[in-house]
Amino acid sequence: MTTKSKLYKTLLYDKQFSRREVIKLSGAGAAIYGLNSLLSSCNTSQIPQTTIGLLLPFSGIYASLGESIYNGMRIYFDEIQNKVAGNNLFIIAEDTEMKPDVAQQKARKLIEQDNVDLVTGIVSTGVLYGLRDYFHNNKKFLICSNAGGNKISREMKSPYIWRSSFSNWQPNWPLGIWAYENVATKVFVSAPDYGAGHNMVDAFSNSFQSAGGKIINKQFTPFPSMGDPAPYITEIQQSRPQMVYCFYSGSSAVSFINAYHDFGLSNDIPIVCSGFTVEEDVLPAQGSAALGIKSGLHWALSLDNPANINFVKKYKNLYDHNANVFAVQGYDTAKIIAEMINEVQGDSDNTNGMINYLKQVNFESPRGSFGLDANSQNPTQNIYVREVKEINGNLQNVVIENLGSFTDPGNNSLG
Amino acid sequence: MNLKQHSIEKNILSNKIILLSISITIMLVLPTVSNNYIISLLIEILIFSIFAMSLDILIGYTGLPSLGHSAFFGLGSYIIAFLNSTNAIALNVSQNILITLPIVILATGIMSFVIGIIAIRAKGIYFLMITLAFAQMLYSISIRWSSVTGGSDGITGILRPNLVIGSWMLQFDSRISFYYLVVAIFFITIILLNQIVNSPFGNTLQGIKSNQQRMLSLGYNVNWYKTASFVISGVVAGISGMLLAQFYWFTSPENIYWTMSGQALIMVVLGGNATLIGPIIGATLMRLLPNVTSSITIYWQSYMGLILIAVVLYARNGIVGTISKIISKNHE
Amino acid sequence: MNNIQIKKLSMCFGNMFALEKVSLNIDTNGIHTIIGPNGAGKSTLLKLISGHLIPSSGSIYLDSKEITNLPIYTRAKLGISCTYQHTNLFDDMTTIENIKIALQQQYDIGYKITQNKLSKLLILDQATQILRRFNLDDYMCQNTNTLSYGHQKILEIAISFATKPLVLLLDEPTSGISLTNTKEMINLIKQISKTTRVILVEHDMDVIFNLADTITVLNHGKIIGQGTPSEIQKNPTIQSYYLGHYDNIIT
């Protein structure tokens, strides 16, 4: 066993190590590894090991998402003692900063320099699309653990790129019909003016309209920074809709929901939103302003199934805060990767073997029953309607309805 | 005196030629001794060097501190995406670089002329603001006009070019062949820009940087020259943007965002402005440092910031400027 | 030829007239000097001719071609060249480079991106000659910001001279320089005036009576007298206005 593998073993077991230190040391390990491979490039005997490249934003506005995903992965790799197909498992994490050009460079480093078996991670759709052709043309595997851009399940599909998270369309289409049947028939739509915002709004609007509902206004706010939300809330106020649909994430989710509450609209006009808007990462900052908001997502903290109860408990123990949907995605991604490597007995050049495995993935995830759809290469998973409620003094997304299992249609026919 | 200066000039010139031929040889031989990943790093470094050199024409030689140079970089990348990609948005004009390159040059040239003619009327910080404003305007268009630009998702499927003359064809599809194409364009650019900055036109630009009012009273149509400099620099930036898009098979609004301009600005300041070599060194450092350090520390940007502060405070001429100063001092 | 004609030229800054309906013909050869107390509008007049200021009303002609609103560089191309009261050089360049920049405009090659050896040598030769003529050849390869102030002022004129102007506007060329340099400067200006019409704004009475062929006296933005030095000295109005307060003039 090399120094490096010992290093990883200790690291992944010891929860006292912060993520930063792991990255730091993994980098040092990678450097040693790189040197080794340069010095002994003629040496054919390889130490049996599996290396996974992780591309996540650890700086910039998506840093907390990257951290959650990484944390979730660590829980799963811990569960399997960092061994896959009899090999030691290593992770080399790289910071993509949410910039496509940085991500490209890092992806090349992981694949060509560090010789990783496959790459996972990816939070923003821009980065995912930017890497698409690189992975496709080089026939390298990428398991996307967050970015939800619809196109990667549709016109930009590649046999080597699979997604273990969601497509932007996925939670919003069922939500549209549900909202029409259960909340109101006329809606005001608000989302940031970028790819994901449009994806989500299109999915929701199309299903809402197909159910018979009416969109009275669509509002697209500046991205990445919305600035002061007051003018947008005022516009909503003046339109007097029966209901508001919105999608925001991170700091915009906090400022939008809080301003909506401050304007006194939360009692009169109910919000039905994409689950990210009130997900566990932003809910504490929104506080009571988020009470009563209904949202659609593929997971909820309070989901009552054994896998979830186990995961949520472990996460809280390890990291001292609640799990969120990104962590769950990380956890499931880790599971898929580990089982895929097991399936091909550690031989990551066995492309067909890996694709065949991915096509039939099916297991009980914290999200409920989970599979991968061979057509869209996107998860088949339950979509839940959740409502923010106060339970024992804590705000929580409580599942009020399971809308059933959905996957991406794989084409643009449904928005 | 006359003769001496002349011989010095000749000496410098022959030194330059030797240096150039050595570096060309190194560039040509490098791929045979390095791995695929190193080549990809080299390609990036060369592309960003072209970009940074183009900005140096503006900042270092003409004294126009632009913070909107990403506009042309991004424009170049989008134009090639329209001209030749597998994306539904594309017009698919041709894959032949002999056709696409002139179109990119023409389009970025026209755009930089239009922006330049307005922007150069402002001075100093206002010039900076106005170029920034134009770039952010294009950025915003690239995000909002998604039916044409692909919005924040960018455009994928951009193809690497080929070179067709009659029945003879060269493909730049593989990384190594694309590397040679980038090397060729890099050296053509550096030779052309070097020629430009050492020509009477280059002297004129440096005169404008040094003392604009005096240039006016000597009869120079300063605005005309500034616009010309803006166009040259815009076109070269456009070419580098085109190359990056082809290398990545992808472009996105990030290429137009002001941070891209900022990156180029740092490359120029760090390496040393008005040197042409400086921006290349700056680009090398800026592209290599995150690669080397970010695995070790996620705070590479903070370190970069410290280095930059040190350069601005203690070595205002950048790395190249400071080194050449030290050398010339030792000579005395 | 090379006549400057000024018709009812006014310039106001806010409510204040710096020049008020000044009409002036500069049509004799030699050195034309503009004098007057501080704030009389001398420098303003010079700047209006060179194009650094655009008048509020009135017009300026160069050989019956109106130049009132032309930009600085067009006037420079027509042959009006100016020097600045405070030196205005290419500080980060050497003395010879300063001259070369002027010369490449004079030869109209400033836009070229190639230059053959002959043209390079020609410009180098010309520049050396000019520097020699202005006794600056010892400082050829020195950065201009390391020159003495007197030499900087001489270089200032040399640069303008290099563009072969028809009319040379000099704004207090001797202010702030040593006596030796002043003498040198007087000789240089005399030489230049043999081929070029010179319009000179000056404070120093010794310099004025040493150099001037004609004198225009300005006060409060108006012309109060005009003539040869001896005529001006005899003019009673001017004496009472101006020469009488000789001590006050030199500030």
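Only a predicted model underlies this, so the values are computations on that prediction, with no experimental measurement involved.

A. The arrangement of the interface of chain B and chain A in detail. The interface of chain B with chain A comprises 36 residues on the first partner and 35 residues on the second. Across the interface of chain B and chain A, roughly 3200 Å² is buried in total on both sides, 51% from carbon and sulfur atoms. The interface formed by chain B and chain A contains four salt bridges. For the salt bridge of D153(B) with K151(A), the shortest nitrogen-to-oxygen distance reads 3.8 Å. Elements supplying a minimum of two residues to the side of chain B that touches chain A: α2 (36-61), α5 (124-144), α10 (222-248), α11 (258-271), α12 (277-293) and α13 (300-314) of chain B. Looking at the side of chain B that touches chain A, its residues break down into 17 nonpolar, 13 polar and six charged.

B. Spotlight on the interface of chain C and chain B. Facing the 35 residues of chain C at the interface are 27 residues of chain B. Carbon and sulfur atoms make up 57% of the area that chain C and chain B hide from each other, which totals about 2700 Å². At the junction of chain C and chain B, the tally comes to one salt bridge. Put simply, chain C and chain B have 21 residue pairs in polar contact (both at pLDDT 80 or more) between them.

C. Structural view of the pattern of salt bridges. Residues and elements named next belong to chain A. The tally for this structure, following the rule as stated, stands at 18 salt bridges over all chains. Between E94 and K106 there is a salt bridge; the shortest N-O distance is 3.9 Å. Pair noted here: E94 is in strand β3 (residues 87-95) and K106 is in helix α4 (residues 100-113), with a separation of 12 residues, a long-range link. Pair check on accessibility: E94 and K106 agree, each one buried. Between K99 and E97 there is a salt bridge; the shortest N-O distance is 3.1 Å. Since its relative accessible area comes to 7%, E97 is described here as buried. Salt bridges sharing partners connect three or more residues here, namely E94, K106, K109 and D114.

D. Expanded view of the nonpolar core. One finds I122(A), L128(A), F135(A), L243(B), I99(C), F134(C) and L155(C) to be the most contacted residues of the largest nonpolar core, which totals 154 residues. Apart from residues lying up to four places away in sequence, I122(A) is in contact with L55(A), L56(A), V127(A), L128(A), L131(A), L142(A), C144(A), S145(A), N146(A) and A147(A). I75(A), M243(A), V312(A) and A327(A) belong to the second largest nonpolar core, which has 76 residues in total.

E. Highlighting helix α5 (residues 149-162) of chain C. Residue and element names in this part refer to chain C. In this model, α5 (14 residues) spans 20 Å end to end at C-alpha, consistent with the 20 Å of a helix rising 1.5 Å per residue. Across the 14 residues of α5, 13 count as buried, placing the element largely inside the fold. Immediately downstream of α5, the backbone of K164 shows phi near 45°, a positive value.

F. View of the packing of aromatic side chains. Enumeration according to the criterion identifies 34 aromatic pairs over all chains in this entry. Between the aromatic rings of Y179(B) and Y180(B), the centroid separation amounts to 5.4 Å while the plane-to-plane angle is 65°, which identifies the pairing as edge-to-face. By relative accessible area, Y180(B) is classed as partly exposed at 31%. The cationic tip of K335(A) hangs over the ring face of F363(A); the distance from NZ or CZ to the ring centre is 4.8 Å.

G. Examining the sheet that holds strand β4 (residues 57-62) of chain C more closely. Residue and element names in this part refer to chain C. Pairing is antiparallel in the open sheet, where four strands are placed in the order β2-β1-β4-β5. Each having just a single partner strand, β2 (16-26) and β5 (65-66) make up the two edges of the open sheet. Direction of pairing for β4 relative to β5: antiparallel, over a ladder of two bridges. Counterpart to Y61 in the pairing with β5 is E66. Strand contacts of helix α1 (residues 42-50): β1 (4-13), β2 and β4, with the helix running at about 115° to β1, the strand carrying the most contacts.

H. Here's a closer look at the domain arrangement of chain B. Residue and element names in this part refer to chain B. Along its sequence, chain B is organised into domain 1 (1-33) and domain 2 (41-257). When each unit is reduced to the centre of its C-alpha atoms, the spacing between domain 1 and domain 2 is 27 Å. Each partner contributes residues to the interface: domain 1 has eight residues there, and domain 2 has 11 residues. Here domain 1 packs against domain 2, burying approximately 770 Å² in sum over the two surfaces, 78% of which is carbon and sulfur. Three residues, L20, M27 and P31, lead the burial of domain 1 against domain 2; their summed loss comes to 56% of the area buried on that side. One can count zero salt bridges joining domain 1 with domain 2. For the interface between domain 1 and domain 2, the tally reads two residue pairs in polar contact (both at pLDDT 80 or more). Split into classes, the residues belonging to the side of domain 1 that touches domain 2 amount to six nonpolar, one polar and one charged.

Thresholds applied
- Residues numbered from 1 in each chain as written.
- Chains lettered and ligands numbered in written order.
- Predicted model: local features only at pLDDT ≥ 70, side-chain atom pairs only at ≥ 80, totals over all residues.
- Heavy atoms only, no water.
- Contact = heavy atoms within 4.5 Å.
- Buried area = accessible area lost by both parts, 1.4 Å probe.
- Salt bridge = Lys/Arg side-chain N within 4 Å of Asp/Glu carboxyl O.
- Helix = DSSP H or I, 4+ residues; strand = E, 2+ residues; numbered from the N terminus.
- Nonpolar A, V, L, I, M, F, W, Y, C, P; charged D, E, K, R; others polar.
- Polar contact = N/O pair within 3.5 Å; in protein donor to acceptor, adjacent residues only side chain to side chain.
- Buried < 20%, exposed > 50% of the residue type's maximum accessible area, 1.4 Å probe, protein only.
- Core = buried A, V, L, I, M, F, W, Y, C linked by side-chain atoms within 4.5 Å.
- Expected span 1.5 Å × (residues − 1).
- Phe/Tyr/Trp six-rings, centres within 6.5 Å; stacked < 30°, edge-to-face > 60°.
- Lys NZ or Arg CZ within 6 Å of the ring centre and 35° of its normal.
- Pairing = 2+ DSSP bridges.
- Axes fitted to C-alpha atoms, helices over the stretch in contact; angles between N-to-C directions.
- Domains from an automatic or database assignment.

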